[in-house]
Amino acid sequence: MIATIFSPLSETFIQKALLGGSLVAIVCGVVGCLVVVRRMAFLGDALSHAMIAGVGAGYLFMKLVFGKEAHAPAMLLGSLIAAGITVGMIAFVSRVSRLKEDTVIGIMYCGVFAAGVVLVSVFRDHIHIDIVHFIMGDVLGVTDTDLWVAGIVGAAVLTVLTLFFRAFQFSSFDPVAARAAGIPVALVDITLTLCVSLVVVSAVSMVGVILVVGLLITPAATAYLLCDRLDRMMGLAALFGVTSVAGGLALAMALDSAGGGAIMCFCTAQFLAVLALAPRYGLLAGWRRRRNMIPQQLFEDILGSVLRGKPPVAAAVVASHVHLHRGRLARAIATMKSDGLLLESQEGLSLTDEGLLHARRLQRAHRLWETYLARVGVPEKELHEKAHVLEHVHEEEAVDYIDDLLGHPERDPHGADIPEDFVHVEGGAPVPASFLREGRRATVVSAPAATGLAVGQRIAMAPRRNEGRTWVAKREDGSEALLDHAAADAVMVQPDSESGLRPAVRPAK
Amino acid sequence: MITDARVPAIQVDNLTVSYGPRPALLDVSVAIEAGTLVGVIGPNGSGKSTLIKAILGFVKRDFGTVKIFGEPVEEARGRLAYVPQRGAVDWDYPVTVEEVAMMGRYGRIPWWSSPSAEDRRIVGESLDIVRMGDFRKRQIGQLSGGQQQRVFMARALAQGADILLLDEPFAGVDAATERALLEVLRQARSAGRTLVVVHHDLATAAETFDRLILLKQRMYGYGPPEAVMHEDLLTAVYEGRLRIFGKLAQPEAKR
Ligand SMILES: Nc1ncnc2c1ncn2[C@@H]1O[C@H](COP(=O)(O)OP(=O)(O)O)[C@@H](O)[C@H]1O
Ligand SMILES: [Mg+2]
């Protein structure tokens with residue numbers, strides 16, 4: 001049984017196909033990663049299409065001048081020259097004409113390819129090149145020469161990429177900084193182009209002109225969906241290349257199809273499967289994330305109702321605040337528990353430190369929005385409802401802006417305390433003195449002379465005066481510095497950290 | 001390398017750079033002393049990024065010279081570190097926070113060896129200075145705007161370069177991070193480094209920098225903020241957009 005499955009493996013042409021295909025696929029995968037992150041897939045296309053002209057010209061030259069048949073090094077060199085000319089023409093035409101680069105690429109590589117086809121067919125008496133072989137490749141007819149070429153090219157390219165990995169990574173990621181750091185970016189680019197050319201040339205004889213680009217970029221793109229590091233992406237791309245070749249050959253055997261086509265079909269199917277299933281960047285993962293996502297709003301309402309209800313709060317109480325289907329509420333609470341926001345005991349739900357932090361941020365946003373709405377003239381009975389919608393706009397920057405605009409108010413229109421800006425005050429960095437609430441202690445970091453505060457001075461905030469418009473900073477000797485809003489904004493202080501968050505002092509009416 | 005205190009860290013003479021018929025920089029000359037924190041201000045498209053890239057030797061000069069500590073810029077490899085503009089970075093690039101910071105060391109690691117313990121220590125320290133030590137293994141796309149800027153700052157610090165060039169490091173960054181980054185810049189200056197920072201916020205420019213470069217294709221001013229933030233100069237450069245700094249007349253600069 002097993003013997004019948006593996007019997008094709010004993011055939012020499014299959015062994016060679018597997019070996020040669022894997023060699024090519026590994027190098028293609030690794031180089032392809034740089035092609036993908038550099039967004040230069042077109043280069044592979046241009047190169048492979050230019051090849052037939054190059055091979056034809058190389059063949060003809062050696063035949064006519066030296067009388068040698070199918071001289072491999074000359075054909076290789078010819079391909080590289082043809083590729084160089086194609087790439088150069090693309091760059092030149094897109095610079096001097098108003099055509100965009102993608103159009104120019106299409107024109108050039110079709111043109112060069114066509115010229116190659118004409119060349120080979122006109123000189124068909126001298127050149128014995130099978131155009132069909134070129135287009136379709138012939139992985140099942142791999143010769144020993146092909147194997148040697150693939151092996152040598154592969155070893156050379158992999159050695160260069162491994163030794164200079166850091167240079168390739170840095171210059172493809174941030175060429176300006178790489179150059180500043182002393183990496184010869186232009187040389188690295190030329191080397192990369194040369195590596196891509198070599199790899200493409202060695203792969204064409206196996207999978208053909210049309211499919212070589214696929215072998216270059218598909219395994220790399222598959223790996224890209226799974227990796228956050230270039231080195232791992234390269235390893236995985238090599239692996240995907242090999243599985244494509246093995247799977248593709250098996251497919252070709254089973255269906256009795258062309259080898260190159262089967263390899264690319266398998267490779268593409270593999271990509272689609274990973275695209276669907278990849279744990280982080282896959283479609284299914286994205287879809288599940290969206291489905292499992294409790295609407296932010298709901299989750300914030302639950303936090304708010306637990307905070308307001310003096311925890312622990314029974315789940316039934318939360319349910320009466322948050323109008324929601326029981327099952328969904330239970331799921332929301334379960335998610336929030338596993339996210340470390342809520343704790344559940346027999347008495348009911350309470351907040352973790354993290355949950356309290358979130359809840360206080362929301363409360364701060366809500367009360368600031370209420371104050372803002374009152375300031376812009378929204379009638380009192382609409383305040384809560386409108387603020388309830390707006391509190392979900394709680395991006396730090398937006399809330400800070402509102403806070404500053406309102407002169408850092410301490411109470412909302414209902415007389416409830418607006419939580420202090422603990423995100424910044426407890427953030428560890430200096431803050432403007434205007435952020436400080438009564439009782440906070442701090443050290444002055446910088447202050448305009450006119451404020452009467454000096455760098456290094458210790459201060460404690462006393463209650464504000466003048467309806468909250470004058471800040472009072474008490475120095476250690478008991479004297480006071482009075483600051484208006486602008487001055488309090490201009491004085492930077494390093495607040496003493498008060499462990500944890502301060503509980504709400506005064507609940508809303 | 002001996003650095004004479006009187007040789008400017010960066011000396012640009014009669015620099016002209018163009019991307020076509022219209023020059024992006026026209027006859028720009030400036031000498032920046034070592035150990036200063038310099039802000040580059042000017043409206044969009046005024047050539048700020050181009051000036052930075054010219055100092056890095058990355059754009060072709062039509063005319064003019066750039067000298068780094070008296071030497072032609074081509075010979076100053078590794079003495080300059082660069083923090084790119086946010087929009088110029090591929091945030092999907094498969095690279096982690098730690099690797100980006102390590103790139104700062106790449107210029108010093110010989111190609112045949114891997115990063116040494118010393119390199120790793122320096123990278124760790126640099127990440128700690130910008131408070132990104134907890135995010136080492138994160139892919140850079142999965143950070144907030146402020147965190148992303150801090151990673152690139154860490155890379156520049158890890159490089160240990162004498163001169164740091166930063167292109168709009170405060171764009172898309174919250175106020176707290178801006179203050180933290182600024183603190184890091186000031187520390188670097190105290191350590192004798194020279195910093196050139198493209199800055200978009202006129203309102204905070206004066207209080208942030210020792211010297212300002214006011215640029216719009218040409219050099220409109222270089223000097224202490226009080227000399228450069230001059231109403232006539234700003235009017236000339238910002239034309240109709242005077243409203244932006246109408247506030248500056250009063251000294252109650254925000255934040
Ligand atoms: N690669 C480029 N090709 C063509 N024009 C460019 C290029 N880079 C910048 N420019 C042009 O040069 C001018 C200066 O650009 P830049 O230095 O980016 O300005 P800034 O950074 O002050 O916004 C602009 O008019 C811009 O359109
Ligand atoms: Mg710019």
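Now for a look at the structure at hand. If you're wondering where the values come from, they're calculated on a predicted model, not measured in any experiment. (Residues numbered from 1 in each chain as written. Chains lettered and ligands numbered in written order. Predicted model: local features only at pLDDT ≥ 70, side-chain atom pairs only at ≥ 80, totals over all residues. Heavy atoms only, no water.)

1. Considerations on the overall build of chain B
Right, on to step 1. Tallying secondary structure elements over chain B gives 8 helices and 10 strands in all.
Right, on to step 2. Buried residues in chain B amount to 53% of all 255 residues.
Right, on to step 3. Restricting the contact set of chain B to residue pairs at least 6 apart, pairs at least 24 apart contribute 67%.
Right, on to step 4. Counting every atom, chain B has about 11,100 Å² of accessible surface; 51% of that belongs to carbon and sulfur. (Helix = DSSP H or I, 4+ residues; strand = E, 2+ residues; numbered from the N terminus. Buried < 20%, exposed > 50% of the residue type's maximum accessible area, 1.4 Å probe, protein only. Contact = heavy atoms within 4.5 Å. Areas by Shrake-Rupley, 256 points an atom, 1.4 Å probe, with all protein chains shown as cover.)

2. Notes on the interface of chain A and chain B
Right, on to step 1. Taken together, the contacts link 39 residues of chain A with 42 residues of chain B.
Right, on to step 2. Carbon and sulfur atoms make up 57% of the surface buried where chain A meets chain B, a total of about 3,600 Å² over both sides.
Right, on to step 3. Area buried by chain A at its contact with chain B is led by R166(A), F173(A) and R179(A), which between them contribute 23% of it.
Right, on to step 4. Our count for the chain A to chain B interface comes out at 3 salt bridges.
Right, on to step 5. The partner of D174(A) in a salt bridge is R155(B), and the shortest N-O contact between them spans 2.6 Å.
Right, on to step 6. The interface formed by chain A and chain B includes 17 residue pairs in polar contact (both at pLDDT 80 or more).
Right, on to step 7. When contributions to the side of chain A that touches chain B are tallied by element, the ones reaching two or more residues are α8 (165-173), α9 (175-180), α12 (230-255), α20 (396-405) and α22 (485-490) of chain A.
Right, on to step 8. Residues that form the side of chain A that touches chain B fall into these classes: 21 nonpolar, 7 polar and 11 charged. (Buried area = accessible area lost by both parts, 1.4 Å probe. Salt bridge = Lys/Arg side-chain N within 4 Å of Asp/Glu carboxyl O. Polar contact = N/O pair within 3.5 Å; in protein donor to acceptor, adjacent residues only side chain to side chain. Nonpolar A, V, L, I, M, F, W, Y, C, P; charged D, E, K, R; others polar.)

3. Digging into the packing of aromatic side chains
Right, on to step 1. Applying the stated rule across the entire model yields 8 aromatic pairs over all chains.
Right, on to step 2. Ring plane angle 85° and centroid distance 5.8 Å describe the contact between F170(A) and Y106(B), whose orientation is recorded as edge-to-face. Taken as a pair, F170(A) in helix α8 and Y106(B) in helix α2 (residues 97-106) lie in two separate chains rather than in one. Each of the two residues, F170(A) as well as Y106(B), counts as buried. (Phe/Tyr/Trp six-rings, centres within 6.5 Å; stacked < 30°, edge-to-face > 60°.)

4. Thoughts on the nonpolar core
Right, on to step 1. With 159 residues, the main nonpolar core has V196(A), I10(B) and I68(B) as its most contacted residues.
Right, on to step 2. In terms of residue count, the dominant contributor to this core is helix α10 (residues 185-207) of chain A (12 residues).
Right, on to step 3. Discounting residues that sit within four places of it in the chain, I68(B) has contacts with A9(B), I10(B), I55(B), V73(B), A76(B), L80(B) and I163(B).
Right, on to step 4. L298(A), F299(A), I302(A) and A332(A) belong to the second largest nonpolar core, which has 19 residues in total. (Core = buried A, V, L, I, M, F, W, Y, C linked by side-chain atoms within 4.5 Å.)

5. Considering the sheet that holds strand β1 (residues 10-18) of chain B
All names here are of chain B.
Right, on to step 1. Taken in spatial order, the 4 strands of this open sheet run β2-β1-β4-β5, and their pairing is antiparallel. Either end of the sheet is taken by a strand with one partner, and the two such strands are β2 (23-32) and β5 (71-72).
Right, on to step 2. With 6 bridges connecting them, β1 and β2 associate as antiparallel partners. The residue bridging I10 from the neighbouring strand is I32, located in β2.
Right, on to step 3. Helix α1 (residues 48-55) rests against β1, β2 and β4 (63-68) of the sheet, and its axis sits at about 120° to β1. (Pairing = 2+ DSSP bridges. Axes fitted to C-alpha atoms, helices over the stretch in contact; angles between N-to-C directions.)

6. Focus on the packing of helix α11 (residues 209-224) of chain A against α12(A)
Residue and element names in this part refer to chain A.
Right, on to step 1. Here α11 crosses α12 at 130°, and the two axes come no closer than 8 Å. Judged by the inter-axis angle, α11 sits oblique to α12. Crossing of α11 over α12 shows right-handed handedness. The residues of α12 that touch α11, namely those facing P219, A220, T222, A223 and Y224, are M233, L236, A237, F240 and G241. (Parallel < 35°, antiparallel > 145°, perpendicular 65-115°, else oblique. Left-handed = near helix turned anticlockwise from the far one by under 90°.)

7. Digging into a nonpolar patch on the surface
Residue and element names in this part refer to chain A.
Right, on to step 1. Residues F61, L64, V65 and F66 make up a contiguous nonpolar surface patch of roughly 430 Å² in combined accessible area.
Right, on to step 2. Take L64: it is sitting in helix α3 (residues 41-66).
Right, on to step 3. According to the relative accessible area criterion, L64 is exposed, its value standing at 51%. (Patch = residues over 30% accessible without salt bridge, like charges linked within 9 Å, V, L, I, M, F, W, Y side chains within 5 Å.)

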